[in-house]
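Okay, here's what each chain looks like letter by letter:
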Amino acid sequence: MENIFKKKLLEKKQQIGLWSNLCSEITADIIAGAGYDWILLDMEHSANDTKSVLSQAQAIQAKNKSEVLVRPPWNDPVKIKPLLDYGFNSLVIPMVNNQEDAQKAVMACHYPPKGIRGVAMSQRGNDYTRDKNYFKNIEENICLIPQLETVNSIKNISSISAVEGVTALFIGPADLSADMGILGQFDNKELWLLIEKAVSEIKKNNKSVGTLIGRKDLVQRSIDIGFDFVACGTDSNLLAKGSDDLLSVFKK
């Protein structure tokens, strides 16, 4: 099956997404009805495991409105392998700092001789052997997105972008601000100067770039400076803010 999210990236089409970390297929079913271009299921900063992201993906895909991405807990072939087997072809890989980290992620996603991915003959990814062209077509449908979260990773943009198999790059403002010594200061001028420099460098390397930012004004700012795919919030924050706002109306 063609990776529509990757296809749109390569066509330079703007895609707006939502981050999901509530680990619930019911929540996934609810947010999938909204029609975001993509929804990312997070395993790094949530209680998700492979089985829970699978059930959430099934709920999202049943609505047929949003593409599913997943972020594994770490850049680890052991963590990445089962996600690929269960049909997750678009992966955001955390804390990629250099070319070697990017190469490690690519190797985990490809079968030999290009990589080290183990072969399962019957898996959800190939519709349990029904997809006779899976092994032929899977490489072109993998969408691998290294996440840049440190000053060092920004310095290494060109070498990371040049790794064969890297589709796009993702900038993580929260960890980047922490690495700069300004944790959580999302209005900091130096932070945005670095982000804008990174976006410009990524574009020079002919790659798409994405981010997650929870404030509406900063989502628009990200779009304005050239981000191609932006998560404009998280399901947990939507629930927290909605419940807080509702209570504040009636309880003074």
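Structure: above.
Below: a short report on this structure. Residue positions within a chain follow its written sequence, with the count starting from 1. In keeping with the model being predicted, local features are shown solely for residues with a pLDDT of at least 70 and side-chain atom pairs are shown and tallied solely at 80 or more, while totals for entire chains, interfaces and linings include all residues. With hydrogens and water stripped out, all remaining heavy atoms of the structure feed into the side-chain values.

With that settled, the discussion passes to the nonpolar core. Working definition of a nonpolar core: buried Ala, Val, Leu, Ile, Met, Phe, Trp, Tyr and Cys residues. They are joined through side-chain atoms within 4.5 Å. In this scheme, a residue with accessible area under 20% of its type's maximum is buried, one over 50% is exposed, and one in between is partly exposed, where area comes from a 1.4 Å probe on protein chains only. Formed by 53 residues in total, the largest nonpolar core has its most connected members in L41, V70, F88, L91, I171 and I195. A run of H or I in DSSP becomes a helix once it reaches four residues, and a run of E becomes a strand once it reaches two; helices and strands are each numbered from the N terminus. Looking at which element gives the most residues to this core, the answer is helix α10 (residues 189–204), with seven residues. Any two residues having at least one pair of non-hydrogen atoms within 4.5 Å are treated as being in contact. With residues near it in sequence (within four places) discarded, L91 still touches V70, I80, L84, C109, C143, L144 and I145. Counting residues in hydrophobic clusters, the runner-up holds 13 residues, among them L40, L69, V92 and A231.

Turning our attention to the layout of surface pockets. Only protein atoms enter the 1 Å grid used here, on which a cavity is any set of points holding a 1.4 Å probe that cannot leave and a pocket is any open set flanked by protein within 12 Å on both sides along at least five of seven lines; residues with an atom within 4 Å of a point are listed as lining. Grid points are joined across faces, edges and corners, and a volume is the space filled by probe spheres set on the points. Here the largest pocket is characterised by a volume of approximately 740 Å³. Lining of the largest pocket is provided by 27 residues; of these, M1, E2, Q61, G87 and N89 occupy positions nearest its centre. Of all the elements in the fold, those that place two or more residues in the lining of the largest pocket are α1 (4–10), β3 (67–71) and α6 (134–141). Top element by residues in the lining of the largest pocket is α6. It accounts for four residues. Following the grouping adopted for this structure description, the nonpolar residues are Ala, Val, Leu, Ile, Met, Phe, Trp, Tyr, Cys and Pro, the charged ones are Asp, Glu, Lys and Arg, and the polar ones are all others, Gly among them. Residue composition of the lining of the largest pocket, by class: nine nonpolar, twelve polar and six charged.

Here we take up the pairing of strand β6 (residues 168–171). Because side chains alternate across β6, one face comprises the buried residues A168 and F170, and the other comprises L169 and I171, equally buried. A pair of strands is treated as paired once DSSP finds two or more bridges between them. In terms of strand pairing, strand β5 (residues 143–148) meets β6 through two bridges, oriented parallel. Of the residues in β6, the one forming a bridge with Q147 is F170. With four bridges connecting them, β6 and strand β7 (residues 208–212) associate as parallel partners. In the sheet register, L169 faces β7, and the bridge partner there is V209.

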